[in-house]
Structure formats: structure tokens, C-alpha cells
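Structural description and commentary
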Amino acid sequence: MSEPTPDAILQLGLGFWASKTLLSAVELGLFSGLAETGPQTAEQLGARHGLHPRARRDFLDALVALGLLGRDATGHYANTPATAAFLDRAQPGYVGGLLEMANARLYPFWGRLTEALRSGAPQNEARDGGPDPFAAIYADPAGLEGFLRGMTGVSRPVAQAIAAAFPWGAHRSVADIGCAQGSFLVELLTAHPQLTGIGFDLPPVRPVFERFAAEHRLADRLRFAPGSFFDDPLPAAEVLVMGHILHDWDLPTKRMLIDKAHAALQAGGALLVYDAMIDDDRRANAFGLLMSLNMLIETPGGFDYTGADCAAWLREAGFRDVRVERLSPTHAMAVGVK
Ligand SMILES: C[S@@+](CC[C@H](N)C(=O)[O-])C[C@H]1O[C@@H](n2cnc3c(N)ncnc32)[C@H](O)[C@@H]1O
């Protein structure tokens, strides 16, 4: 056995240095700018993005050292293949919406984690507000759009996995409950041309959803149904999907939503729940556990849960043939049939 060293502890403890460097680069539009211009010198990038001469070399070279930019022998900086594909706003694979949201919202809110751990109370826009965190986030139109775009960054890869993992060939209609911008339905309907989709979400989400559906030329197979899952019936479809929905709410609300889905489905219909489900032993999926702490910061009662927890809730609501399938190291889906 070798002696323990403090290296990993210190690297984790100062991990926010690297994290914030990336978030600021996204905020400044650095990667999208480089995609437009091609390789640039530090002076050119400094002029374009408003970087102080004192800051720019260290900032750009730190991004090189973090593997997020390349620099050639002539001192020109360029995107890497990964930042060109995923951090250029003009690319379909752009995940920067999530990072923009993380920079604008989560980063400052996580600064109050200790307070959340002590009080159990949210630390976001709803810190001084009522029980519905979405009312506070959506009070500002820029906040609404930023949040919805952010969800697309987390959910697009999960949607691609679910498009392949579920037997969609046996179904013709799907409704995504709490659909946000609509990225799940866009990925799914693109992969399965026989499907039509309904996005159900709060009324202010409508224009953002409809613009996204039109951009992806799916307006004829995809429609928005405005409503609240607290006050309105869920739309009718063969498959109902709840992605990153149950984790927002306390246990009685989770159960109410599962019951409501059961009531809305015809016999043979299915409910598909996906989330950053924690491994049943609660020791491996650090992302799922940290997501649950993120729910502590974002919501009054939300928490993430294991696949076994979710399977039990579905069975108790009357679903049969319940199964949990891991989609990636971070995400799993639970499926139950009525
Ligand atoms: C965490 S996001 C998940 C979005 C999307 N399903 C995904 O996984 O990317 C939660 C969504 O639930 C929606 N939502 C919140 N309260 C709602 C309500 N009362 N009725 C319908 N949708 C609601 C929000 O507007 C938001 O789009």
C-alpha cells in the first residue's frame, strides 16, 4: 500500500478554479467566436472579447492546459474538436446552454451550500419566495429562456439513449410532461418518424417550445399543450414521459404525479421516468447524489432517488412490468405499463 497523498483532495477542493474558467469562457462567447474566425492570437481574442491585457494570456493558456483550446507554434489559439462540436452556439450539439445557466444561476447559488445544508431551504431565486420554484425562475423572461435552454444541454444525450433503448416501434404517440424547450421530443421524433408528440408545460414555455420545434422542422408532428400538472389533467398519449420532473418535488408530490400519469393512460400505455437516478447502494453515482444536493438548493422539497425507489413507487401506483434500465453512468429510466 502506498502512502496517501493530499493531491486528489486539493485538486477537488480547488476544482472551482477550473470550472469557473470554463464557465466564463462560455459566457464571453470565446468558443463560438473562434468557430467564426478560425485561429486567433491572444491580442485578437483580447480585443474581440474585451479581455484585459493582464488577464488574457493566463486565461487563454489555462484553457489550453485544461484541454479546452489548442495553441500552435505561432501563438494562435483554436477550438479543440470537442469544443468546436459542443461549445459553438451554431452547432446542433451545443451544450453551452447548460453551462450558461450554471454560470448565471447555479454557481452563485452553490456558494450558499452550507446555508442550505443547515436550513434545508432553497438558495436560488425562490430563497425568499413561495413553494413553487418555477414561478420565481420564470418571473424574468431571460431567466425562463436560459433555464429551458439549460435543460436541453442536460437532456439531449439522455434523449438519444432513450430513443434507442425503449421499444418506440410499438407506439405512435408520446407526451412529455414538463417538456421545457422540447429537446427530448425533438430527438425522439427525429429518430422515430411514426411518432407524434405533445409537449406539456406551463403556459410561459409555449413560445420557446414552438420556436424550437419549428427550427427542427417538426412543427407538423409536435404540438404544445399548456397546463399545470397540479391543476390540469395530463394529455392523452400512449407513452407519458417525465424527465427531471419527479426530482423537483417532495415525496407526496412525486406520488401524486405518478398516480396522475396512471389515471391518464389507457390500458397498455406506459409511463417512462428518467432522472439522474442514484445507484441503489447510494455510493457510486456521484453526479446523481450531487444533483440531489442541487435540488436542495433549487427547490423546497425535491430530491433525487434510486432506481429501486422509483420502481417501488410505480408498482404502488398500480403499474406492472416495472423495470429500471441504466442509460449512462449518470442517468437511468424506469418504465411501468398500465
Ligand atoms: C427540471 S425541468 C425538466 C425539463 C425536461 N423534462 C428535461 O428533462 O430536460 C422541469 C420542467 O417542469 C416544468 N414544470 C414545472 N412546474 C410545472 C407544472 N406545475 N406543470 C407543468 N410543468 C411544470 C418546468 O417548466 C420545466 O420545464
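As a convention, each chain's residues are numbered from 1 in the sequence order in which they are written. For this predicted model, a pLDDT threshold of at least 70 governs which residues receive local features, and a threshold of 80 or more governs which side-chain atom pairs are given and counted, while totals over whole chains, interfaces and linings are taken from all residues. To get the side-chain values, all heavy atoms of the structure are used, and hydrogens and water are removed first.

Attention shifts here to the site of the ligand. For each residue, the test is whether any non-hydrogen atom lies within 4 Å of the molecule or strand; if one does, the residue is near. Close to the ligand lie 20 residues; Tyr-138, Ser-155, Gly-178, Asp-201 and His-244 are nearest. Side-chain atoms alone can form a polar contact between residues adjacent in sequence; in general such a contact is a pair of N or O atoms within 3.5 Å, and within protein one must be able to donate a hydrogen while the other accepts it. Residue Ser-228 places a side-chain N or O atom 3.0 Å away from a nitrogen atom belonging to the ligand. With respect to the ligand, the side chain of Tyr-274 contributes an N or O atom lying 3.2 Å from an oxygen atom. Note on areas: Shrake-Rupley with a 1.4 Å probe; residue coverage comes only from the protein chains shown. For the ligand, whose accessible area on its own is 590 Å², the fraction buried by protein is 98%. Within the residue set of the shell around the ligand, elements represented by two or more residues are helix 10 (141-165) and strand 4 (196-201). Comment: elements are numbered from the N terminus, with helices defined as DSSP H or I runs of at least four residues and strands as E runs of at least two. Element by element, the count of residues in the shell around the ligand is highest for helix 10, at 3 residues.

Counting buried residues along strand 9 (residues 332-337), 6 of its 6 residues qualify, which places the element largely inside the surrounding structure. Where strand 8 (residues 320-326) lies against strand 9, 5 bridges are found, and the strand directions are antiparallel. Bridge pairing in strand 9 places Val-324 opposite Ala-334. Two strands qualify as a pair provided that DSSP identifies no fewer than 2 bridges between them. The turn linking strand 8 back onto strand 9 is made up of 5 residues. Exposure categories follow from relative accessible area, calculated using a 1.4 Å probe and restricted to protein chains: below 20% of the type maximum is buried, above 50% is exposed, and the middle band is partly exposed.

Summarising the element assignment, Asp-61 is placed in helix 5 (residues 53-65). In this structure the side chain of Asp-61 is engaged in a polar contact, spanning 2.9 Å, whose partner is the side chain of Arg-71. With residues up to four places along the chain from it excluded, the contact list for Asp-61 reads Arg-71 and Tyr-77. The criterion used for residue contact is that any of the two residues' heavy atoms lie within 4.5 Å.

Turning next to the side chain of Ser-228. Structurally, Ser-228 can be placed in the loop between strand 5 (222-226) and strand 6 (239-243). Among residues more than four places away in sequence, those in contact with Ser-228 are Phe-200 and Leu-202.

Core analysis: the largest hydrophobic core is formed by 90 residues, its most contacted members being Ile-162, Trp-168, Phe-184, Leu-240, Met-242, Leu-271 and Leu-272. Ranked by residue count, the leading element in this core is helix 10, at 9 residues. Built from parts of two domains, this core gets at least three residues from each of domain 1 (7-86) and domain 2 (151-337). Leaving out residues up to four positions away in the same chain, Trp-168 has contacts with Ile-162, Ala-163, Val-174, Phe-184, Leu-188, His-192, Gln-194, Leu-195, Val-239, Val-241 and Leu-272. Core analysis: the next-biggest nonpolar cluster, separate from the first, contains 5 residues, Leu-113, Ala-116, Leu-296 and Ile-297 among them. In these notes, a set of buried Ala, Val, Leu, Ile, Met, Phe, Trp, Tyr and Cys residues joined through side-chain atoms within 4.5 Å is what counts as a nonpolar core. All the domain ranges listed were derived from an automatic or database domain assignment.

A separate point is the pairing of strand 3 (residues 173-177). Within strand 3, 5 of the 5 residues are buried, which leaves the element mostly enclosed by the surrounding structure. Burial of the side chains of strand 3 extends over both faces: Ser-173, Ala-175 and Ile-177 are buried on one face and Val-174 and Asp-176 on the other. Sheet topology places strand 3 next to strand 4; 5 bridges connect them, and they run parallel. If you follow Ser-173 over to strand 4, its bridge partner there is Thr-196. When strand 3 meets strand 6, the two strands line up parallel, connected through 3 bridges. Among the inter-strand pairings, Asp-176 is bridged to a residue of strand 6, identified as Val-241.

Another point: helix 13 (residues 251-264). An α-helical turn contains 3.6 residues, so any two residues separated by three or four positions project in the same direction. The terminal C-alpha atoms of helix 13, which comprises 14 residues, lie 20 Å apart, in line with the 20 Å expected from a rise of 1.5 Å per residue. The inward-facing, buried residues of helix 13 contact strand 6, strand 7 (270-275) and helix 15 (307-316). Given the number of residues in a helix, its expected span is that number minus one, multiplied by 1.5 Å.

This part takes up the sheet that holds strand 4. Taken in spatial order, the 7 strands make up an open sheet running 5-4-3-6-7-9-8, and their pairing is mixed. Edge positions in the open sheet fall to strand 5 and strand 8, since each of these has one partner strand only. Shown here is a sheet whose adjacent strand axes are inclined to one another by a mean of 20°, direction ignored. Pairing of strand 6 with strand 7, which is carried by 5 bridges, proceeds in the parallel orientation. Residue pairing in the sheet places Leu-240 in a bridge with Leu-271 of strand 7. Structural elements are reduced to axes, namely lines fitted to C-alpha atoms, with helices fitted over the stretch in contact, and the angle between N-to-C directions of any two is expressed from 0 to 180 degrees.

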